[in-house]
Amino acid sequence: MLKPGTYLQERYEIIEQIGSGGMADVYKARCHTLNRLVAVKMLKNEFSRDENFVNRFKMEAQAAAGLSHPNIVNVFDVVDEGDSHYIIMELIEGITLKSYIDKKGHLESREAIGIAIQMAQGMSAAHQQKIIHQDIKPQNIIISMDGKVKVADFGIARAVSSNTHGDHAIGSVHYVSPEQARGDFVDARSDIYSLGITMFEMVTGRLPFDGENTVAVAIAHLENPMIPPKECNPDIPESLEQIILKCTEKKPEDRYDTAEAVIADLRRALINPNESVVEPDERKKLEKAVEIQENEKERPEKKFPERRRTKDGSTEEFGRQIERIFAVAGVIAAILIIIVLVFVFLRLGRLLKSGGSQKEPTAPTEETYVPEVTTAAIAEGQVYMPDVRGLSREEAQRVLEALELRMTVTSIENSDTYDVGCIMAQEYPEGTVLEKNVVVSVKMSKGTGAIDLTVLGLEGMELQAAQLLLAGKNLVVAVQEETNDLVPLGYVIRYDPLVLRDGETVTLTVSLGPAMLPVPNIEGKTQEDAQKELIAAGFLPEPAGEAYHDTVEPGAVFNQSVQAGTMAIPHTKISYLVSLGPENPEKPENTEEVTIGATRYIASIDKQYNLNVDLGPGYSTTSITIAIRLRQEVNGREVIRNLMEPRTVLGDTLIPISFPRIEGADGVETGFVELVDVDRDKVLVSYPVSFFKTEE
């Protein structure tokens, strides 16, 4: 494990560990050459001396390094340094899609489609380079702080050609395609299947296939009908359900051929959610799948699949079942042979060591129930107790069942010796003579009790969600706050320590948002001076045009969008108008100047609105046309006037709704300032304002 402060190649300074996988650890680091933060993915020590692992690690990294796309986590460099092998990658500050789904329960359809489109765009870029991800899942999808969706962990992807075979296929079993589960050929359509499962989880909050173990889940992908998403969430539009069902067809040839085809249908579904996006013949197949699903619910569960004739007359399903039976029988036979051989050698070793005498009983250890006993002669209907410590629950159960013994787990306890899920103690010591069908009690390990926080995705998580997650793991949470220009208000910046035990305290550092700055008063100044003052104060000037004004001199600034003295986020855009002077400055000759007071009704407003509240992070790269308007009732009819003309912005923009002077209709003392989505003619937010009578 690399310590903070360690330098790699005299260039990359390790800051902290941010993740760990099966093959590699991931660290946050600073590149001092380019002065930027990066992620370092380093191969674990146990694999760094294995030539096969190192070659695979480098091959996959080089394949990923050839990809450059806004929806893919970029790889910058691949480094060999002695026994150290690592990849330098783009560092993404954000939250995984898995955490985002867990936080929200399930996503609204429009948001899910927006995220899926970005996922598919990243997949498409990789597929065009003949790279198949093979592990598309929400855990490998990151939503950055600016709402951009990126596909991560192409460290398990590989450059493939048409002869790539699935016996090398890898991936998470809950999202794995049927051909991967079978060990068949894989191509881009395997990633499309995993995308379909991910979309199902986004809109339903659950997975379509589950089981007691990985084998059961894999078999479910192979044999069980896909659940129509609308059964889990009736609000899902028909178009999106059709896309998900087509992506998750059992046969690759029945799915979309390319990620581009998925993107096209997703965009159609976004525009017309209730219209069919699948061709008629394909709809028939989807309807048939739903019908099969309904029929399966009414049938009793079958032990064996039905016999299905293929073109050459053979029985394919029956053959597969026979192969499965022979495989299981072979495993059981191998286990029995190993048990007998191990026991014989142990028995001979003990007899030779003790000269044939019986061994004295040993003192009990913390991992055993009773003292060890010597082996004895075995009679018909009896078996020797094997040592199942260190085996997983499933493995131990298979070994005991092969000897016609039954197993029961009596407790799950901490252990510094045995891994999580392994048997740590057994009721009868190895070699004990037992009657067949005896129930053997065992204890199972839950590991050292240490909790690795690096796998929880706490960084970028909302404080309340992080507190609930940690409380569920019986941890005490302490909170400290600090300002941060990148992490939104109320979200976790970092945490300490990285690993701790049950009941201990973790400190979450939570963002107070960017340090707020006072907005200067630029009204009445020249445009050049106004721009200089805004930039010096930490803001971005944005000229909004020119307009006539009766009292402001030509060339002077008026109507700044954020009121002077207001505290605002650094780099906020502040717009303003430049005066053209009075519209009709000429006066009739020989006319005596007369000043007449005018009665006006004036209001003001100073608000901000984040479009993410309405659209969600999936729309960070989607544009939206907005306008700001004043709505009043004048003499019994509705009058609407634009305060800001329509303009197009990105969906994650913070919109200032700040007007220090709004002139309303004569005699009308109330109205509403509205932010409008022009494309959908939808009012996103409405603020009531009051007008006051003034004499000017």
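Procedures and definitions
- Residues numbered from 1 in each chain as written.
- Predicted model: local features only at pLDDT ≥ 70, side-chain atom pairs only at ≥ 80, totals over all residues.
- Heavy atoms only, no water.
- Helix = DSSP H or I, 4+ residues; strand = E, 2+ residues; numbered from the N terminus.
- Buried < 20%, exposed > 50% of the residue type's maximum accessible area, 1.4 Å probe, protein only.
- Contact = heavy atoms within 4.5 Å.
- Areas by Shrake-Rupley, 256 points an atom, 1.4 Å probe, with all protein chains shown as cover.
- Expected span 1.5 Å × (residues − 1).
- Salt bridge = Lys/Arg side-chain N within 4 Å of Asp/Glu carboxyl O.
- Phe/Tyr/Trp six-rings, centres within 6.5 Å; stacked < 30°, edge-to-face > 60°.
- Lys NZ or Arg CZ within 6 Å of the ring centre and 35° of its normal.
- Axes fitted to C-alpha atoms, helices over the stretch in contact; angles between N-to-C directions.
- Parallel < 35°, antiparallel > 145°, perpendicular 65-115°, else oblique.
- Nonpolar A, V, L, I, M, F, W, Y, C, P; charged D, E, K, R; others polar.
- Pairing = 2+ DSSP bridges.
- Polar contact = N/O pair within 3.5 Å; in protein donor to acceptor, adjacent residues only side chain to side chain.
- Left-handed = near helix turned anticlockwise from the far one by under 90°.

Colleague: Quick one: what's the story with the overall build of the chain, residue by residue and with numbers?
Modeller: The secondary structure content of the chain amounts to 15 helices and 33 strands. With 696 residues in all, the chain has 43% of them scored as buried. Put simply, of all contacts in the chain between residues at least 6 apart along the chain, 66% involve residues at least 24 apart. Element-wise, carbon and sulfur atoms account for 51% of the exposed surface of the chain, whose accessible area totals about 37,000 Å².

Colleague: With reference to specific residues and values, describe helix α6 (residues 188–204).
Modeller: Its 17 residues give α6 an end-to-end C-alpha distance of 25 Å, which sits within 8% of 24 Å, the value for a rise of 1.5 Å per residue. In terms of burial, α6 is largely enclosed, as 16 of its 17 residues are buried.

Colleague: Mind laying out unusual backbone geometry, listing which residues take part and the relevant values?
Modeller: Of note, the amide linkage connecting Asp496 to Pro497 takes the cis form, showing an omega dihedral of 0°. With respect to the helices and strands, the residue Pro497 is situated in the loop between β19 (492–496) and β20 (499–501). Even without a glycine there, the phi angle at Asn559 is positive, about 60°. Here Asn559 lies in the loop between β24 (557–558) and β25 (567–568).

Colleague: So, the pattern of salt bridges: which residues are in play, and what are the values?
Modeller: Overall, the coordinates contain 21 salt bridges when judged by the stated rule. Note that Lys98 is salt-bridged to Glu201, the shortest N-O span being 2.5 Å. Taken together, the residues Lys98 in helix α3 (residues 97–104) and Glu201 in helix α6 connect sequence positions 103 residues apart. No difference in accessibility class separates Lys98 from Glu201, as the two residues are buried. Taking the shortest distance from any N to any O, the salt bridge between Lys532 and Glu528 comes out at 3.4 Å. Of this pair, Lys532 and Glu528 are both found in helix α14 (residues 527–536), four residues apart, which corresponds to roughly one turn of the helix. Neither Lys532 nor Glu528 differs from the other in exposure class; each is exposed. Among the ionic contacts, a cluster of salt bridges with common partners joins Arg629, Arg631, Glu638 and Glu674.

Colleague: Mind laying out the side chain of Ser99, listing which residues take part and the relevant values?
Modeller: Along the chain, the position of Ser99 falls in helix α3. By relative accessible area, Ser99 is classed as buried at 13%. Residues in contact with Ser99, not counting those within four places in the same chain, are Leu456, Gly457 and Met461.

Colleague: How would you summarise the packing of aromatic side chains if you had to cite specific residues and measurements?
Modeller: Applying the stated criterion across every chain yields a total of zero aromatic pairs. One Lys or Arg, Arg36, reaches over the ring of Phe76 and ends 4.1 Å from the middle of that ring. Sitting over the ring of Tyr256, Lys246 keeps its end group 4.3 Å from the ring centre.

Colleague: Explain the packing of α3 against helix α4 (residues 109–128) to me, using residue names and the numbers behind them.
Modeller: In contact at an axis separation of 13 Å, α3 and α4 are set at 175° when each is read in the N-to-C sense. It follows from the interaxial angle that α3 and α4 lie roughly antiparallel. Residues Leu97, Tyr100 and Lys104 of α3 lie in contact with α4, whose contacting residues are Glu111, Ile115 and Met119. Split by residue class, the contact of α3 with α4 holds four nonpolar, no polar and two charged.

Colleague: A description of the sheet that holds strand β13 (residues 406–413) should follow, citing residues and the corresponding values.
Modeller: Taken together, three strands build an open sheet; the order of strands is β13-β16-β14 and the sheet is mixed. In the strand order of this sheet, the two ends are held by β13 and β14 (423–426), each with one partner. Looking at each pair of strands side by side, their axes are set apart by 35° on average, direction ignored. In this sheet, strand β16 (residues 439–445) lies alongside β14 in antiparallel orientation, the contact comprising three bridges. Its bridge partner being in β16, Ala425 is matched across the sheet by Lys443. This element, helix α12 (residues 393–402), spans β13, β14 and β16 of the sheet and lies at about 155° to β13.

Colleague: Any details on the side chain of Lys28? Residues and values, ideally.
Modeller: Within the secondary structure, Lys28 sits in strand β3 (residues 24–31). A polar side-chain atom of Lys28 sits 3.4 Å from a polar atom in the side chain of Glu93. Contact partners of Lys28, with chain neighbours within four places excluded, come to Glu13, Ile14, Ile15, Glu16, Ile18, Leu37, Val38, Leu91 and Glu93.

Colleague: Can you break down the pairing of strand β6 (residues 84–90) residue by residue, with the values?
Modeller: Where burial is concerned, most of β6 is hidden: six out of the seven residues are buried. With five bridges joining them, strand β4 (residues 36–43) and β6 adopt antiparallel strand pairing. Note that in β6 the partner of Val40 across the bridge is Ile88. Bridging between strand β5 (residues 75–81) and β6 involves six bridges; their strand directions are antiparallel. Note on β6: the bridge partner recorded for Glu81 is Ser84. Between β5 and β6, which pair antiparallel one after the other, the connecting turn spans two residues, and Gly82 there sits at a positive phi close to 70°.

Colleague: Got a sec to walk through the packing of helix α8 (residues 238–247) against helix α9 (residues 259–271)? Specific residues and values, please.
Modeller: Here α8 crosses α9 at 165°, and the two axes come no closer than 9 Å. Relative to α9, the element α8 lies roughly antiparallel. Remark: the crossing between α8 and α9 carries left-handed chirality. Contact residues: α8 offers Ser239, Leu240, Ile243 and Cys247, while α9 offers Val262, Asp265, Leu266 and Ala269. Across the contact of α8 with α9, the residue classes break down as six nonpolar, one polar and one charged.

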